[in-house]
Amino acid sequence: MSDTEFPYSLTLSIPLPTTRLASSALRALEVDTELSPFVRRELAVTSSPKGSDPKPDEPAILETTYRATTNRMLRVAVNGFMESLGVVVGVMEELDVDVLDAEEDQEKK
């Protein structure tokens, strides 16, 4: 994928409390492929913005990179992704103990 074909790009780094949750989010989000041939998306889980390998119980980052042929296509794709991400994180907040524990830890600080 060359920069001339897909000149517009955006990388989102979404921090999550554990690698397990970040991996679950990745698996849930990657099943919905981009419908437009004018948009490309790459998903990865890292433990830091530098891209080191995450350990299972430490905080992790879900990194999503979008590339598109136009800024409008990029905006539409990212908006759709953010809606899906909101659903995934909402389910995690409701059903996963790790997320609730992380929220309690943040409130105590």
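Keep in mind the model is a prediction, meaning the values are calculated, not measured.

Student: Is there a simple way to think about the overall build of the protein in this case?
Tutor: A count of helices and strands for the protein gives three helices and three strands. Taken from N to C terminus, the helices and strands of the protein fall in the order β-α-β-β-α-α. Evaluated residue by residue, the protein yields a buried proportion of 28% over its 109 residues. A separation threshold of at least 6 residues defines the contact pool for the protein, and within that pool the share at least 24 residues apart is 68%. As presented, the protein carries roughly 7100 Å² of accessible surface, and 54% of it is formed by carbon and sulfur atoms.

Student: Hey, could you run me through the packing of aromatic side chains in this one?
Tutor: Each aromatic ring pair is described using two quantities: the centre-to-centre distance and the angle formed by the ring planes. Taken as a whole, this structure holds one aromatic pair when the rule is applied. Aromatic side chains Tyr66 and Phe81 sit 5.8 Å apart centroid to centroid with 65 degrees between the ring planes, which places their arrangement in the edge-to-face category. Of this pair, Tyr66 sits in strand 3 (residues 60-68) while Phe81 sits in helix 2 (residues 71-95); the two residues are 15 residues apart in sequence, bridging distant segments of the chain. This pair shows no difference in class: Tyr66 is buried, exactly as Phe81 is.

Student: Honestly, the packing of helix 1 (residues 19-30) against helix 2 in this entry has me stumped. Any pointers?
Tutor: Helix 2 packs onto helix 1 with a crossing angle of 135 degrees between their chain directions and a minimal axis gap of 10 Å. In terms of their interaxial angle, helix 1 and helix 2 are classed as oblique. Crossing hand, helix 1 versus helix 2: right-handed. Taken together, the residues of helix 2 that come into contact with helix 1 (itself represented by Leu21, Ser24, Ala25, Ala28 and Leu29) are Phe81, Ser84, Leu85, Val88 and Met92. A per-class count over the contact of helix 1 with helix 2 returns eight nonpolar, two polar and no charged.

Student: Would you mind going over the pattern of salt bridges with me for this structure?
Tutor: If the charged atoms of two oppositely charged side chains come close together, the side chains can form a pair. Counted by the stated rule, this structure contains one salt bridge. Close ionic contact of Glu34 with Arg41 constitutes a salt bridge, the shortest N to O distance being 3.5 Å.

Student: Honestly, the sheet that holds strand 1 (residues 8-16) in this entry has me stumped. Any pointers?
Tutor: By way of backbone hydrogen bonds, the strands of a sheet pair with one another, either parallel or antiparallel. The three strands lie next to each other as 1-3-2, forming an open sheet whose pairing is antiparallel. The outermost strands of the open sheet, each flanked by one partner alone, are strand 1 and strand 2 (39-46). On average, each strand axis in the sheet is tilted by 15 degrees relative to the strand beside it, whichever way the strands run. Note that strand 1 and strand 3 share nine bridges and pair antiparallel. Bridging from a neighbouring strand, Thr11 pairs with Thr65 of strand 3. Most of the contacts of helix 1 go to strand 2, to which it runs at about 160 degrees, and overall it touches strand 1, strand 2 and strand 3. Strand contacts of helix 2: strand 1, strand 2 and strand 3, with the helix running at about 15 degrees to strand 1, the strand carrying the most contacts.

Student: Which parts of the structure should I look at to understand the side chain of Thr64?
Tutor: The topology assignment puts Thr64 in strand 3. Those residues within four positions of Thr64 in sequence are excluded, and the remaining contacts are Leu10, Thr11, Leu12, Ile14, Arg41, Glu42, Leu43 and Phe81.

Rules of the game
Residues numbered from 1 in each chain as written. Predicted model: local features only at pLDDT ≥ 70, side-chain atom pairs only at ≥ 80, totals over all residues. Heavy atoms only, no water. Helix = DSSP H or I, 4+ residues; strand = E, 2+ residues; numbered from the N terminus. Buried < 20%, exposed > 50% of the residue type's maximum accessible area, 1.4 Å probe, protein only. Contact = heavy atoms within 4.5 Å. Areas by Shrake-Rupley, 256 points an atom, 1.4 Å probe, with all protein chains shown as cover. Phe/Tyr/Trp six-rings, centres within 6.5 Å; stacked < 30°, edge-to-face > 60°. Axes fitted to C-alpha atoms, helices over the stretch in contact; angles between N-to-C directions. Parallel < 35°, antiparallel > 145°, perpendicular 65-115°, else oblique. Left-handed = near helix turned anticlockwise from the far one by under 90°. Nonpolar A, V, L, I, M, F, W, Y, C, P; charged D, E, K, R; others polar. Salt bridge = Lys/Arg side-chain N within 4 Å of Asp/Glu carboxyl O. Pairing = 2+ DSSP bridges.

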